[in-house]
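# Observations on the three-dimensional arrangement
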Amino acid sequence: MGHIHEQGQHLLARATSVNCRPDRIGYVATLDGNTLLLQPVSGAEISQWQLDHEAGHLTLASIGSHAEKPKHVEVLAAIEAAFVNFPAAGKLEILTYFDQVEELLRSGLLIRDKSNQLGVNIELFWQQPRMWLASPQLYAFPLTYLFSHGHRHPLRPPKPAGVVYQRHIPWLDRSLSFRTVDLHRDLERFNRWMNEPAVAASWREEGDLAKHQAYLQNIDADPHVTGLIVSLDEEPFGYFEVYWAKEDRIAPFYDVDDFDRGWHVLIGEPRFRGKPFVTAWLPSISHYLFLDDCRTQRIVIEPRSDNHKMIRNLAKCGYANLKELDFPHKRAMLGMLLRERFFAERLWVPRDVIVTSCSTSSLS
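What you see is a predicted model; the values in this text were computed from it and never measured.

Counting its regular elements, the protein contains 11 helices and 19 strands. By the compact-globule yardstick of 21 Å for 364 residues, the protein fits well, its C-alpha radius of gyration being 21 Å. The principal-axis extents of the C-alpha atoms in the protein amount to approximately 60 × 45 × 40 Å. Here the contacts in the protein between residues at least 6 apart in sequence split such that 63% fall between residues at least 24 apart. Of the accessible surface of the protein, which amounts to about 16,100 Å², a share of 51% is contributed by carbon and sulfur atoms.

This is the structure:
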């Protein structure tokens with residue numbers, strides 16, 4: 001696991017400030033030496049924490065006026081900041097008592113060892129939707145089956161609206177978010193992106209506003225796919241389509257599972273193409289899809305087989321190349337990312353071997 005422990009260190013260095021949003025409550029966490037300061041976005045009183053890291057051993061304790069019993073959301077924000085600053089640490093011991101401990105133990109966010117010590121396992125922590133999803137489902141959507149277009153598949157939950165995922169990207173010091181497409185807000189931007197030469201060469205969907213309005217309306221009406229806009233600090237730069245694989249064109253090409261997910265992407269703003277940005281959005285879209293439903297064990301992708309740069313970047317981010325396949329409009333490579341691999345190898349942090357320069361504009 002040594003190579004995993006070194007992942008992303010050249011990009012992260014030491015993150016001194018992290019924006020956290022546990023349970024949609026905003027905090028700015030700043031590390032000064034071994035003192036972690038949590039400033040609520042609401043302007044409430046700052047809390048202080050002692051964050052010690054010695055010989056791979058990470059401990060967290062509340063200090064100052066909040067030492068008796070901090071709020072559980074403060075603890076969650078402090079945990080995220082600790083792991084962002086020390087991504088090589090696999091576990092974190094918590095030396096402070098706080099409320100809702102039993103609830104967090106049941107969710108797997110906390111674990112209790114044989115000596116009754118509370119701690120956090122990094123793999124379990126990064127599977128907690130409440131840390132990054134804007135409106136996480138409290139329970140898995142019940143299972144029942146139906147047929148559509150010849151596919152037997154589970155009934156899907158209602159499609160989301162608005163922001164669905166937010167995460168601070170420390171090597172950019174910016175916040176990345178995914179939100180659903182708003183036709184009135186995004187149509188002209190989407191039209192411009194689709195007509196951008198590098199995008200048009202891959203998606204082949206160039207056209208006028210009327211064509212793209214119909215395109216987005218069809219996506220909105222399709223229960224198996226959702227259109228998302230990706231932004232950095234609320235500045236939109238790309239478009240994703242995330243889908244349930246069992247109802248998709250990819251289903252006949254492999255042994256598809258009920259909760260497999262897939263995605264397509266275009267990066268519409270040229271200045272957001274390149275290594276720092278692909279290392280932000282590519283792990284984040286994978287993370288979002290795994291958080292959206294805990295039953296999703298695999299994510300699939302189908303880039304053009306001649307899109308060598310993207311295929312290499314997918315491989316660096318954990319996607320295995322399974323085989324080539326033929327669609328009517330392209331020959332594609334079927335790639336797959338396992339949930340177990342993503343969390344066990346901590347692939348939410350970019351590896352230091354990610355391609356030095358990536359100018360890929362789209363993947364469809």
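The element strand β13 (residues 225-232) is largely enclosed, with a buried count of eight among its eight residues. On β13, burial covers both faces: Val225, Gly227, Ile229 and Ser231 on one face and Thr226, Leu228, Val230 and Leu232 on the other are all buried. In this sheet, β13 lies alongside strand β12 (residues 174-180) in antiparallel orientation, the contact comprising five bridges. Residue pairing in the sheet places arginine 179 in a bridge with isoleucine 229 of β13. For β13 and strand β14 (residues 235-244), the ladder comprises eight bridges, and the chain directions are antiparallel. By the bridge assignment for β14, valine 225 is matched with tyrosine 243.

About the criteria used
Residues numbered from 1 in each chain as written. Predicted model: local features only at pLDDT ≥ 70, side-chain atom pairs only at ≥ 80, totals over all residues. Heavy atoms only, no water. Helix = DSSP H or I, 4+ residues; strand = E, 2+ residues; numbered from the N terminus. Rg over C-alpha atoms; globule rule 2.2 N^0.38 Å. Contact = heavy atoms within 4.5 Å. Areas by Shrake-Rupley, 256 points an atom, 1.4 Å probe, with all protein chains shown as cover. Buried < 20%, exposed > 50% of the residue type's maximum accessible area, 1.4 Å probe, protein only. Pairing = 2+ DSSP bridges.

Geometry only, nothing functional implied.
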